[in-house]
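Observations on the model geometry
Each chain is listed here by its residues.
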There are 2 protein chains.
Amino acid sequence: MPERRFDLGEREIPRKWFNLMPEMAEKPPPPLHPGTGEPIGPDALAPIFPMALIEQEVSTEAWIPIPEEILDIYRLWRPTPLFRADRLEKALGTPARIYYKYEGVSPAGSHKPNTAVAQAFYNAKEGVKRLATETGAGQWGSALAFACNQLGLECKVYMVRVSYDQKPYRRSMMQTWGASVIPSPSNETESGKKILARDPDSAGSLGIAISEAVEDAAKRDDTKYSLGSVLNHVLLHQTVIGLEAKKAFERIGDAPDVVVGCTGGGSNFAGIAFPYLADKIHGGKIRIVAVEPAACPTLTRGEFRYDFGDTAQMTPLLPMYTLGHDFIPPSIHSGGLRYHGMAPLVSQLVKSGLVEPTSYMQTECFDAGILFARTEGILPAPEATHAVKGAIAEAERCKQEGKAETILFNLCGHGHLDLAAYDAYFSGKLEDFALPQSAIDEAMGKIDALPRIG
Amino acid sequence: MPERRFDLGEREIPRKWFNLMPEMAEKPPPPLHPGTGEPIGPDALAPIFPMALIEQEVSTEAWIPIPEEILDIYRLWRPTPLFRADRLEKALGTPARIYYKYEGVSPAGSHKPNTAVAQAFYNAKEGVKRLATETGAGQWGSALAFACNQLGLECKVYMVRVSYDQKPYRRSMMQTWGASVIPSPSNETESGKKILARDPDSAGSLGIAISEAVEDAAKRDDTKYSLGSVLNHVLLHQTVIGLEAKKAFERIGDAPDVVVGCTGGGSNFAGIAFPYLADKIHGGKIRIVAVEPAACPTLTRGEFRYDFGDTAQMTPLLPMYTLGHDFIPPSIHSGGLRYHGMAPLVSQLVKSGLVEPTSYMQTECFDAGILFARTEGILPAPEATHAVKGAIAEAERCKQEGKAETILFNLCGHGHLDLAAYDAYFSGKLEDFALPQSAIDEAMGKIDALPRIG
């Protein structure tokens, strides 16, 4: 029997996060002030983020030490396992070797606690008492609820309405860790009220929920805002995933030819990919593939330009691939991938040709997820099925080309709280959304007046 | 930082199951034929079980080799981690060291696949095409669905009605692995029809569902029956849990003073406890505690005598602590612990004074489970909260007595599919059932004519 599991010991959790930015020849342009259109300095972010995170956001250091207190909480589930998917390989009849890093072993069931714990720690250290945030599928909200509970902070979660209705148990999970959860758009914020006035039945979106959480944090002295993806410091914290994978591969004596991750805001993708992108920047032959849903095709059909991170235009203007901040993605089950924009760092890497973006339909991702569950056992989260699909596509290419490549993908979460989506799949109710270009054009039209890059 | 995780390597999965029976001075008396009242031979079980499992049921070998094909599937999630619960210790302010073996990392989320895979393997090897079974909380059904899927068998699951309604996503999980699931009592069997005629709104029970599954297997040539607990061979397969724990403790250089497990049919308890009971039988000072729900107090308020394993009186008469096969336990959320009887081996060990039984109310177990989730991160299954409660009670005793004992408990599953129960807890809807003695007396009265032990 070939080995299937490559576990690291507790003492092998990385002691430093890896910051890709200093390695990038082409860096993303700076965020702009939404009023003046001028580059904003770190101070402009101080009302909503603690200074330590703002410093990480703009840091030029390649390695940033992880405080002991954070490592002490990471130990609850890290290092996460690296598995060889030998059963999936057999089912596909591929000569490729498929490996996956499994982040679903965390208490919240995804990669999200990697940054949630760090963010809660730095906020608590600077005297913050309460964090406000948004959540799509509920994975980020669960992660922050868990982290706040560990660090003694209050936690308020604005949960995208469609997910709140589809996933009642994510709410229960957040409550178990002591968080307070309401559906977004809500009547508790001005931005929420505005949306509800226009559309009382709004399914919500990450963009709207971000507006609500930012507003909440901005108007309360004891509260800061916490974001689960997109920003540099969030991506930074996720690099423990790729760093652990690299360490495990050293022990295996193998190395990936291609790394695959799914992209919503970009954080789990960055987590697995950034440590490998450093190799690629320095001449390595490795390929890095980002997989997004065809229903929200930010990287494959959006434009690289300045846009707001949220619907209500409260955030700075970020340089990123975007479908327009007014774009509300169809209600696919991968709530965590329903975001109009993309992390500036990931966007720049795509623009520079270092990352290959690709997109798949919802049902072909579920097909892949079911095959994975029936071979490897684990039920993937709907978001994670995109990475599974991407990895399977690479393995099938290897089969056609007769190449025994090594494929690594990030299985960013389990689907135990997403079984309603599996139900929809089995009862034939899972819709595929062929997005009309007109919907994108309309949303992009609304950002036409915003400043351009370069 | 003290170490928290004690992982074994993939090569350290036990290669043999441990059979406690040969070590026991007082062995359970033999099962009796329900018609004749005479001891039954292995042949009587042949219509519903494959010969390999019947042989294990009566084996006098202390060690039984685990076939490579089973090990190859165990590797999907075994060895499971052993954690030091240092955060829980801190919250309790106890001098005790608390460790837990976490079986929730399996694909189905509990310890059940340890035996499901073994049972599916031996059935497939003997040419069986289809397995029928019952499930309470859905954990056993999920495990067998997963195992059948891995070994190419069809799987039919009779799911206790109250769990079927409370836990729709357990059904989705079983379907994902290709199983067919119906609520029990059903109209597909004679025993189901009989119950429905008496009580069309029956909440069902494990006893009823067992009758249905046994009947299904008995009337179809291509089908055998599979049981998730109670029988000797099931307990045998679970001993990998305790064997791994012992190996991890050797490395730690510590050993438990007390081992705690929750008991429904007895299998997860046996899994963690039997390897340690061998030490106790040979003079060790270790204490072994079995925790059951006060609403179904088999070991603490039942009688050790012959009774049927199922409601419809289709099984052999088993020597066990029982509340009477007609007893239908209150609809507590710990569906996996709602069983009128108890494994004969576990029953005999209690009778012989080697195992200490104890019981707790539903809400105090949930209190313990929430404290665990808020300190250690993991959300326990309702069943597992009983073990958590038992371990906390021991840790509090240590605090009172000023003793730094080592406590080991089995966290037999996660609660990701039980969040409706957590919801009920938080909304104050979780009922405690103070079981009237009259309910037990009535059910016990109905078995008065059955043969007695000894």
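Thresholds applied
Residues numbered from 1 in each chain as written. Chains lettered and ligands numbered in written order. Predicted model: local features only at pLDDT ≥ 70, side-chain atom pairs only at ≥ 80, totals over all residues. Heavy atoms only, no water. Helix = DSSP H or I, 4+ residues; strand = E, 2+ residues; numbered from the N terminus. Buried < 20%, exposed > 50% of the residue type's maximum accessible area, 1.4 Å probe, protein only. Contact = heavy atoms within 4.5 Å. Salt bridge = Lys/Arg side-chain N within 4 Å of Asp/Glu carboxyl O. Pairing = 2+ DSSP bridges. Axes fitted to C-alpha atoms, helices over the stretch in contact; angles between N-to-C directions. Domains from an automatic or database assignment. Buried area = accessible area lost by both parts, 1.4 Å probe. Nonpolar A, V, L, I, M, F, W, Y, C, P; charged D, E, K, R; others polar. Phe/Tyr/Trp six-rings, centres within 6.5 Å; stacked < 30°, edge-to-face > 60°. Polar contact = N/O pair within 3.5 Å; in protein donor to acceptor, adjacent residues only side chain to side chain.

Turning to the side chain of Thr 176 of chain A, a few remarks are in order. Its place among the elements puts Thr 176 of chain A in helix α7 (residues 168-176). Given the relative accessible area of 0%, Thr 176 of chain A is considered buried. The contacts of Thr 176 of chain A, once residues within four sequence positions are left out, are Ile 370, Ala 373, Arg 374, Leu 379, Leu 419, Tyr 422 and Phe 426 of chain B.

In this section: the pattern of salt bridges. Under the defined criterion, the tally for this structure stands at 62 salt bridges over all chains. The residue Glu 405 of chain B makes a salt bridge to Arg 397 of chain B at a minimum N-O spacing of 2.8 Å. In this pair, the class of Glu 405 of chain B matches that of Arg 397 of chain B, namely buried. Of the charged contacts, one joins Lys 403 of chain B and Glu 401 of chain B as a salt bridge, the two residues approaching to 3.2 Å between their closest N and O atoms. Residue Lys 403 of chain B is classed as partly exposed on the basis of its relative accessible area, which comes to 40%. Judged by relative accessible area, Glu 401 of chain B falls into the partly exposed class, the value being 41%. Among the charged side chains, a network of salt bridges with common partners joins Arg 4, Asp 86, Arg 87 and Glu 376 of chain A together with Glu 10, Asp 72 and Arg 75 of chain B.

A few words on the sheet that holds strand β15 (residues 406-411) of chain A. Residue and element names in this part refer to chain A. Taken in spatial order, the seven strands make up an open sheet running β1-β4-β5-β15-β10-β11-β14, and their pairing is mixed. Pairing within the sheet leaves two strands with one partner each, and these edge strands are β1 (5-6) and β14 (356-360). Across five bridges, the pairing between strand β10 (residues 258-262) and strand β11 (residues 287-293) is parallel. Counted as the bridge partner of Cys 262 is Val 291 from β11. Lying on the sheet, helix α15 (residues 362-376) is in contact with β4 (82-84), β5 (97-102), β14 and β15; it crosses β14 at an angle near 90°.

The next thing to look at is the domain arrangement of chain A. Residue and element names in this part refer to chain A. Its domain assignment divides chain A into domain 1 (5-12 + 79-109 + 238-443) and domain 2 (23-64 + 112-232). In this assembly, 48 residues from domain 1 lie in contact with 50 residues from domain 2. When domain 1 packs against domain 2, the two sides together hide about 3900 Å² of surface, and 64% of this comes from carbon and sulfur. The tally of links from domain 1 across to domain 2 stands at zero salt bridges.

Right, let's get into the packing of helix α11 (residues 240-252) of chain A against helix α12 (residues 267-281) of chain A. Residue and element names in this part refer to chain A. Running from N to C, α11 and α12 cross one another at 60°; their axes reach a closest spacing of 6 Å. Facing α11, whose interface residues are Ile 241, Gly 242, Leu 243, Ala 245, Lys 246 and Phe 249, α12 presents Gly 271, Ile 272, Pro 275, Tyr 276 and Asp 279. Considered class by class, the residues forming the contact of α11 with α12 number seven nonpolar, two polar and two charged.

Once that is clear, we can look at the packing of aromatic side chains. All names here are of chain B. Counted according to the given criterion, the structure contains 33 aromatic pairs over all chains. Measuring from centroid to centroid gives 6.0 Å for Phe 6 and Tyr 99, while their planes differ by 55°, and the two rings are tilted. Of this pair, Phe 6 sits in strand β1 (residues 5-6) while Tyr 99 sits in strand β5 (residues 97-102); the two residues are 93 residues apart in sequence, bridging distant segments of the chain. Relative to Phe 409, the ring of Phe 372 lies with its centre 6.0 Å away and its plane at 75°, an arrangement referred to as edge-to-face. Pair noted here: Phe 372 is in helix α15 (residues 362-376) and Phe 409 is in strand β15 (residues 406-411), with a separation of 37 residues, a long-range link.

Okay, the side chain of Ser 202 of chain B next. Residue and element names in this part refer to chain B. Take Ser 202: it is sitting in the loop between α8 (190-198) and α9 (206-219). Within polar-contact distance, the side chain of Ser 202 engages the backbone nitrogen of Gly 204 at 3.0 Å. Residues contacting Ser 202, with those up to four places away along its chain left out, are Arg 161, Pro 185, Ile 195 and Ile 208.

Once that is clear, we can look at the interface of chain A and chain B. At the junction of the two partners, chain A supplies 47 residues and chain B supplies 47 residues. In total, about 4400 Å² of surface goes out of reach between chain A and chain B, with carbon and sulfur atoms giving 50% of it. Put simply, chain A and chain B have six salt bridges between them. For the side of chain A that touches chain B, the secondary structure elements donating two or more residues are α2 (68-74), α3 (86-92), α5 (139-151), α7, α15 and α17 (419-426) of chain A. Here the side of chain A that touches chain B takes six residues from α7 of chain A, the largest share from any one element. The residue inventory of the side of chain A that touches chain B, partitioned by class, reads 21 nonpolar, eleven polar and 15 charged.

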